[in-house]
Amino acid sequence: MAEFFASAFWTGFLWPLIVMVAQSVLLLVVLLIAIAYILLADRKIWAAVQIRRGPNVVGPWAWPSRIVSWPVLLLPTGRLSCVCSRRSSKDRPRAQA
């Protein structure tokens, strides 16, 4: 067995190949772990950006937005789109009876 480890095949070809494969696998694992942590940080940042502020955070200053949003909630979608459209009533096509 000692003769095999002293041979030119082991020292010149096989051992450097094993070292290169081990280094490549180690580099791949490190890169995959780094990318996983970068993605985790990215998702946490975007989740924090999109978080909704509740009434316990906003406090008493949230009541004007609630009052303003009531007409939007009460109007049907079709009427709201008519109220909000930029075209005048003369430009809208009329229904054929």
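Everything here concerns the structure above.
Here is what the cut-offs are and how they apply
- Sequence positions are assigned chain by chain, starting from 1 and proceeding in written order.
- pLDDT decides what is reported in this predicted model: residues at 70 or higher carry local features, side-chain atom pairs at 80 or more are listed and counted, and totals for whole chains, interfaces and linings draw on all residues regardless.
- For the side-chain quantities, the full set of heavy atoms in the structure was used; hydrogens and water were omitted.
- For helices the rule is a DSSP run of H or I covering at least 4 residues; for strands it is a run of E covering at least 2, with both sets numbered from the N terminus onward.
- Between the first and last residue of a helix there are one fewer steps than residues, each counted as 1.5 Å, and that sum is the expected span.
- Axes are fitted to the seven residues ending at a residue and to the seven starting at it; the angle between these axes is taken as the bend at that residue.
- Each aromatic pair joins two rings of Phe, Tyr and Trp (for Trp, the six-membered one) with centres within 6.5 Å, and gets the label stacked for planes under 30 degrees apart, edge-to-face for over 60, and tilted for any other angle.
- Relative accessible area decides the class of each residue, using a 1.4 Å probe on protein chains only: under 20% of the type maximum gives buried, over 50% gives exposed, and in between gives partly exposed.
- Contacts are residue-level and defined by heavy atoms, with any inter-residue pair within 4.5 Å sufficient.

Asker: Got a minute to help me understand helix α2 (residues 8–49) in this structure?
Answerer: Residues spaced three or four apart along an α-helix point in a common direction, a consequence of the helix completing one turn every 3.6 residues. Under the 1.5 Å per step criterion, the end-to-end length of α2 is 61 Å for 42 residues, consistent within 8% with the ideal 62 Å. The principal kink in α2, of about 35°, is found at L14, preceding the proline P16 by one to four residues.

Asker: What exactly am I supposed to notice about the packing of aromatic side chains here?
Answerer: Aromatic ring pairs are described here by two measures, namely the spacing of the ring centres and the angle between the planes. By the definition in use, this model includes two aromatic pairs. Relative to F13, the ring of F9 has its centre 5.7 Å away and its plane inclined at 35°; by these criteria the two rings are tilted. On the criterion of helical spacing, the pair formed by F9 and F13 is a turn pair, its members being four residues apart in helix α2. Of the residues examined, F9 reaches a relative accessible area of 45% and is grouped as partly exposed. You can call F13 partly exposed: its relative accessible area is 46%. The interplanar angle of 40° and the centroid separation of 5.6 Å between the aromatic rings of W10 and W15 together place this pair among those described as tilted.

Asker: Any chance you could explain the environment of F4 here in plain terms?
Answerer: Locating F4 in the fold gives a position in helix α1 (residues 2–6). Classification of F4 by relative accessible area gives partly exposed; the value is 36%. With sequence-adjacent residues up to four places away left out, F4 is seen in contact with F9, W10 and L14.

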